Amino acid sequence: MDELIRYAPGLAAGFLKNLQLAALCALFSLSLGTILVAMRVAPTPVLRGAGAVYVTVVRNTPLTLVLAFSAVGLSDTLGLTFSDTPSTNSFWLVVLGLSIYTSAFVCEALRSGINTVPLGQAEAARAIGLTFVQSLRLVILPQAFRSVVAPLGSVMIAMTKNTTVAIAAGYLAESSFVMKDTFDNTGVSIPIFLGLVAAFMTVTLPIGVCASRLAGRFAVAR
Amino acid sequence: MSSGSTVLFDAPGPVARRRNTILTLLATIATLGVAYLVYAKFDEKGQWNSELWRHFISASTWTEFIIPGLTGTLTAAGLGAVFALIFGAAFGLARLSEHGWIRQPAGAVVDIFRAIPLLLLIFFMAYLSPTLFGRGDYTLLALVGGLTLYNGSVLAEVLRAGVTAVPRGQSEAAYALGLRKAGVMWHVLLPQAVTAMMPAIVSQFVVLLKDTALGYIIGYQDLLSYGFQFLPANYFGTRVSSAIVIATIYIGLNMTLSALASWLDHRPFAPRERRTLAPREQRLAPASE
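Residues numbered from 1 in each chain as written. Chains lettered and ligands numbered in written order. Predicted model: local features only at pLDDT ≥ 70, side-chain atom pairs only at ≥ 80, totals over all residues.

Enquirer: Is there a simple way to explain the interface of chain B and chain A in this structure?
Expert: Interface size is commonly expressed as the accessible area that is lost once the parts come together. Facing the 49 residues of chain B at the interface are 60 residues of chain A. Mapped by element, the contributors of at least two residues to the side of chain B that touches chain A are helix H1 (14-44), helix H5 (118-133), helix H9 (215-218), helix H10 (223-234) and helix H11 (239-265) of chain B. For the side of chain B that touches chain A, the per-class residue count stands at 30 nonpolar, eleven polar and eight charged. (Contact = placed C-beta atoms within 7 Å. Helix = DSSP H or I, 4+ residues; strand = E, 2+ residues; numbered from the N terminus. Nonpolar A, V, L, I, M, F, W, Y, C, P; charged D, E, K, R; others polar.)

Enquirer: Quick question: what am I supposed to make of the packing of helix H5 (residues 119-127) of chain A against helix H6 (residues 132-147) of chain A here?
Expert: When two helices pack together, their arrangement is captured by the angle between the axes and the distance separating the axes. All names here are of chain A. Running from amino to carboxyl end, H5 crosses H6 at an angle of 165°, the nearest separation of the two axes being 10 Å. By the angle between their directions, the pair H5 and H6 is classed as roughly antiparallel. Pair H5 / H6 crosses with right-handed handedness. Across the interface between the two elements, Gln 121, Ala 122, Ala 125 and Arg 126 of H5 pack against Ser 135, Val 139, Ile 140 and Gln 143 of H6. (Axes fitted to C-alpha atoms, helices over the stretch in contact; angles between N-to-C directions. Parallel < 35°, antiparallel > 145°, perpendicular 65-115°, else oblique. Left-handed = near helix turned anticlockwise from the far one by under 90°.)

Enquirer: Where do I start with the domain arrangement of chain B in this structure?
Expert: The assigned domain composition of chain B is domain 1 (12-44) and domain 2 (52-265). A straight line from the C-alpha centre of domain 1 of chain B to that of domain 2 of chain B covers 39 Å. (Domains from an automatic or database assignment.)

Enquirer: Help me understand the packing of helix H1 (residues 2-40) of chain A against helix H4 (residues 86-116) of chain A, please; the structure alone is not making it clear to me.
Expert: Residues and elements named next belong to chain A. In the contact formed by H1 and H4, the axes pass within 6 Å of each other and the chain directions differ by 45°. It follows from the interaxial angle that H1 and H4 lie oblique. Viewed along their axes, H1 and H4 form a crossing whose handedness is right-handed. Residues Leu 21, Leu 24, Cys 25, Phe 28, Ser 29, Leu 30, Leu 32, Gly 33, Thr 34, Leu 36, Val 37 and Arg 40 of H1 touch H4, and the partners they reach there are Val 94, Val 95, Leu 98, Ser 99, Thr 102, Ser 103, Val 106, Cys 107, Leu 110, Arg 111 and Ile 114. Split by residue class, the contact of H1 with H4 holds 15 nonpolar, six polar and two charged.

Enquirer: I tried to follow the nonpolar core on my own but got confused; where do I start?
Expert: Considering soluble globular proteins, one finds that nonpolar side chains tend to be buried as a cluster. Judged by nonpolar contacts, the single largest core of 135 residues is most densely connected at Leu 67 and Val 94 of chain A together with Ile 122 of chain B. Those residues within four positions of Val 94 of chain A in sequence are excluded, and the remaining contacts are Leu 21, Leu 67, Ala 166, Ala 169 and Tyr 171 of chain A. (Core = buried A, V, L, I, M, F, W, Y, C linked by C-beta atoms within 7 Å. Buried ≥ 20, exposed ≤ 12 C-beta atoms within 10 Å, placed from the backbone.)

Enquirer: Sorry if this is basic, but what is going on with H10 of chain B here?
Expert: The α-helix advances 3.6 residues per turn, and as a result positions three or four apart in sequence lie on the same side. End to end, H10 of chain B covers 15 Å across twelve residues, agreeing with the expected 16 Å (1.5 Å per residue, within 8%). Packing partners of the buried residues in H10 of chain B comprise helix H3 (63-77) of chain A together with helix H3 (59-95), H9 and H11 of chain B. (Expected span 1.5 Å × (residues − 1).)

Below you can see the structure in the form of structure tokens.
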């Protein structure tokens, strides 16, 4: 218990970085995922193909590889930099990699939502003369979003937990690195581990509870 | 693309056809533009240089780096899958127990291990093992242990959901025939639950296989370490080309498993569903993680 108290400030600072990463990635991955799902159901084969290739490639690549590549490949070799400060640069590279990775899962969740919309809705939208974009925006997506609140919550929980993999992109400030660093100094400490687990659970459990509550409230009565 | 999404738009008339053509044209230009941008960037940094790719033709690259790496990855994934199934079966059944003193602790264990970030769990086990068992290489143990606890907990939930989803009449009929609790579970509920949940179970194996790459971070010698660390260390400047090759291998492996999952989901004896926009596309729980 003493170790946990002694190292608490460092661990808390690391955990705060996890939360920052999670908040930014939630924003970017939800937007990118929505664009992707619109591409995947578009009337244009090129867009559908591009969306499908993106999702297949990203979803089947390990996150560790995505993040390691965004640091070593994109940044070091191909010269993509966000900032001259190494830690800020790697922070944004993690945001980039994790958003790219998560958006594929957001897209799949939304697409499964589109699949739950009864056929009659799309037929009715066409019958009253809505174009593809109109029917997607006014009829299909609102219902799709409402039916995937719970799965999207799970995607966001997984993403929050995945912020710990940031260490693979050389971002050495968030809690998994802080924990490893502390273990290197003091040896393994069960209280520190349990403290971090508790910290993550205080974030992920409410997301889950909120998501299932909202899912119940938003559910489309059919 | 699923045939189902075509119902989102009608057989297009002249105006819509023109609009679609323009959209297709713009989309093609945009896609090609992005592709060219990537190509040009690679070209600018000399990544298409044949020097950086040539060693993938030589046999030694494969026998010394990629095959051993693949073996490491598949060993971890195989062990993890077997133990996760055992863990999942045990805890899934425990959560269905009629005795609160079995059900509640099992539920707590499953919930906690699903909530812990997997990497923290793996780190913890990697640092805990030497303390418990003395010096040695525990990277495989930590990796498989972490994968087992996390994926086993998810599988426990999948199994429980499967058993709960079997219509109540099935177990009532079984009890009426005179079977006992264990018999009802073993002969009636489990076979139906496992059949219905097979796609979800296989999708979870895809997650497990991808997560073996976390071993790279704790120094386990898997495909990612061999391909992304040892290989570029031996052939200077091949980080990007190596990453592309091993990513292709990972994608191939996972797509094979995903194809198995969707084949299982489309079997003739798979449970039926009501008619929606796309038929039975995404019934596999989206593998989030």
